[in-house]
Amino acid sequence: MGLGVRWTLHGDGRTPAPGAVVKPDERLSWPRTAGLGAQHVVAMFGASFVAPVLMGLDPNLAIMMSGVATILFLLATRGRIPSYLGCSLSFVGVAAAIRAQGGGSAAVTGAILVVGGVLLLSGLAVRKFGARIIHAAMPPVVTGAVVMLIGFNLAPVTAGTYWPADQWTALLTMLVTGAAVVCLRGFWSRIAIFLGLVFGYAVSWVLDRVFGRIHSIDGSGRVTDHWRLDLSGVAKADWIGLPSLHAPSFHWSAVLVALPVVIALIAENAGHVKAVGEMIGDPLDDQLGTAIAADGAATMISTSVGGPANTTYSENIGVMAATRVYSTAAYWAAAGFALLFGLCPKFGAVVAAVPGGVLGGITVILYGMIGLLGAQIWVHNKVDLRNPLNLVPVAAGVIIGVGGVSLKVGENFELGGIALGTIVVLLGYHVLRTLAPAHLKPQEPLLDAGTSEYDDDRPA
């Protein structure tokens with residue numbers, strides 16, 4: 001297939017026959033392919049829209065670099081894995097923790113760049129030795145616990161920063177977003193978070209017109225009288241221009257906070273590759289190492305210029321399941337649209353103006369969902385938490401990660417939160433497994449489903 005940039009026309013290039021599947025190396029007519037690409041952009045837009053805002057990074061650059069990352073991924077996998085690499089939400093807690101330590105955007109992107117390097121090396125190791133090395137080091141009980149503590153570690157950010165900005169808008173946004181996630185079907189359910197953001201945006205505008213300014217925490221953390229929705233930056237922004245770039249900086253304390261996310265990213269990639277392989281009828285286990293390495297390389301490129309990490313998106317799996325079109329040509333079109341979005345500063349200003357109360361309502365659900373993906377891994381892999389070998393390290397690690405427990409090492413170094421919780425789960429599990437009696441050590445499954453599995457039977 002070469003680099004995977006040549007496609008054969010499926011049928012007449014119009015509507016696939018009932019039950020037919022458009023394979024990765026096929027395409028519809030170019031206008032229809034462009035339309036599908038636009039649909040993929042909308043599907044990934046909700047989470048990719050939220051991630052850079054929550055991390056304090058430039059949303060224009062984030063969207064643009066997601067397009068670059070997708071192109072790199074498609075080339076690396078030679079067009080065998082149809083996938084969009086959007087902005088990863090797994091690092092939101094990391095960014096909050098680093099900023100709480102006094103680090104800025106450069107420290108955040110520097111730490112994530114190191115994680116991207118570790119992910120790249122992990123992918124190369126999987127290519128050489130197979131997926132067994134991942135599952136030996138990170139069985140589902142460990143993977144699920146780390147994903148869980150990464151999500152729940154974010155709770156104080158919502159409670160202390162976003163929700164107090166406008167509690168009533170936050171409550172309304174939470175209710176509408178929750179209803180959209182549960183009640184909508186098909187494609188609309190995949191962009192429920194985005195719909196919640198749009199609703200909150202509109203409510204904030206209406207409340208400003210009716211009640212005037214609000215006295216609460218503003219974007220800088222001060223309690224002042226301010227507009228819920230401040231669009232002054234939108235009017236000043238240009239229509240066309242390059243996003244703001246910055247170089248990363250590297251600090252050990254920030255890197256240690258970020259490193260545990262490697263486990264979540266490997267789980268996401270494993271789940272994505274497995275799910276897509278089942279959908280297209282082409283087992284892609286041999287591509288797992290390549291996918292992980294490509295994700296790592298894309299993250300390194302993005303963070304080297306000030307962007308966020310990127311990862312494969314389950315939202316786009318949903319679009320493929322709904323349309324039964326798995327053409328990688330559509331993802332090339334989506335990447336092109338993302339590059340164009342990134343060159344519009346006015347779009348970035350609109351994103352940056354999202355009110356704090358709206359983020360409060362969204363993150364109450366979103367952060368909880370990230371954490372519960374860890375429980376999903378446990379359930380899918382039938383992890384037995386009645387077994388003390390599983391229960392003890394998980395219980396200790398999750399409480400440390402969620403509660404912000406810290407361990408001071410020397411005068412100038414401290415471990416805490418996500419980093420310390422992950423170390424306790426990972427090392428605690430393996431040390432206890434070495435010491436435990438044989439009846440507590442059942443055979444671990446070789447491949448967990450990760451966090452990106454899509455239920456193809458969900459009613460449309």
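Please refer to the structure placed before this passage.
Below is a short write-up of the structure. (Residues numbered from 1 in each chain as written. Predicted model: local features only at pLDDT ≥ 70, side-chain atom pairs only at ≥ 80, totals over all residues. Heavy atoms only, no water.)

### Comments concerning the overall build of the protein
Defined as follows: A run of DSSP states H or I qualifies as a helix once it reaches four residues; a run of E qualifies as a strand once it reaches two. Both are numbered from the N-terminal end. Three exposure classes are used, based on accessible area relative to the maximum for each residue type with a 1.4 Å probe and protein chains only: buried under 20%, partly exposed in between, and exposed over 50%. We call two residues in contact when some of their heavy atoms are within 4.5 Å. Throughout, the Shrake-Rupley method with a 1.4 Å probe supplies accessible areas, and for residues the shown protein chains are the sole cover considered.
When helices and strands are tallied, the protein shows 20 helices and 8 strands. Out of the 460 residues in the protein, the part that is buried amounts to 53%. For the protein, long-range pairs separated by at least 24 residues make up 80% of all intrachain contacts whose partners lie at least 6 apart in sequence. For the protein, the exposed area adds up to about 19,400 Å²; of that, 66% sits on carbon and sulfur atoms.

### Brief notes about the packing of aromatic side chains
Our working rule: Side-chain rings of Phe, Tyr and Trp (the six-membered ring for Trp) are treated as a pair once their centres are within 6.5 Å; stacked means planes under 30 degrees apart, edge-to-face means over 60, and tilted covers the remaining angles. Look at NZ for Lys and CZ for Arg. If either is within 6 Å of the ring centre and within 35 degrees of the ring normal, a charge sits over the ring.
Using the criterion set out here, one finds 1 aromatic pair in the structure. Measuring from ring centre to ring centre gives 5.9 Å for Trp7 and Trp30, while their planes differ by 85°; the resulting arrangement is edge-to-face. Pair noted here: Trp7 is in the segment before strand S1 (8-9) and Trp30 is in helix H1 (residues 30-55), with a separation of 23 residues, a long-range link. Accessibility expressed as a relative area gives 18% for Trp7, which makes it buried. One residue, Lys346, lies across the ring of Trp239, its end atom 5.2 Å from the ring centre.

### What about the packing of helix H10 (residues 192-211) against helix H18 (residues 356-380)?
Selection criterion: Where helices are involved, their axes are fitted lines through C-alpha atoms of the stretch in contact, as for all axes, and angles between N-to-C directions lie from 0 to 180°. Should an angle fall under 35 degrees it is taken as roughly parallel, and over 145 as roughly antiparallel, whereas 65 to 115 is taken as roughly perpendicular and any remaining angle as oblique. Handedness of a helix crossing follows the sense of rotation of the near helix relative to the far helix, less than a right angle counterclockwise being left-handed and clockwise being right-handed. Classes in brief: Ala, Val, Leu, Ile, Met, Phe, Trp, Tyr, Cys and Pro nonpolar; Asp, Glu, Lys and Arg charged; the others, Gly included, polar.
Contact geometry for H10 and H18: axes closest at 9 Å, N-to-C directions at 155°. Considering the angle they form, H10 stands roughly antiparallel to H18. Handedness of the H10/H18 crossing: right-handed. Here H10 contributes Ile193, Gly196, Leu197, Gly200, Tyr201 and Ser204 to the contact with H18, which in turn contributes Val358, Leu359, Ile362 and Leu366. Here the residues of the contact of H10 with H18 are counted per class, giving 7 nonpolar, 3 polar and no charged.

### So, H10
Under the convention used in this document: Expected span of a helix, by definition, is 1.5 Å for each gap between consecutive residues, and there is one gap fewer than residues.
The terminal C-alpha atoms of H10, which comprises 20 residues, lie 28 Å apart, in line with the 28 Å expected from a rise of 1.5 Å per residue. Gly212 lies just past H10 and shows a positive phi near 80°.

### Description of the nonpolar core
Stated precisely, the cut-off is as follows: What we call a nonpolar core is a set of buried Ala, Val, Leu, Ile, Met, Phe, Trp, Tyr and Cys residues that are connected through their side-chain atoms within 4.5 Å.
Residues Met55, Phe91, Val94, Ile98, Leu197 and Tyr367 are the most contacted members of the largest nonpolar core, which totals 98 residues. No other element matches the 12 residues that helix H13 (residues 261-280) contributes to this core. Non-local contacts of Ile98, meaning those with residues more than four positions away in its chain, are made with Gly103, Ala107, Val108, Ala111, Ala254 and Val257.

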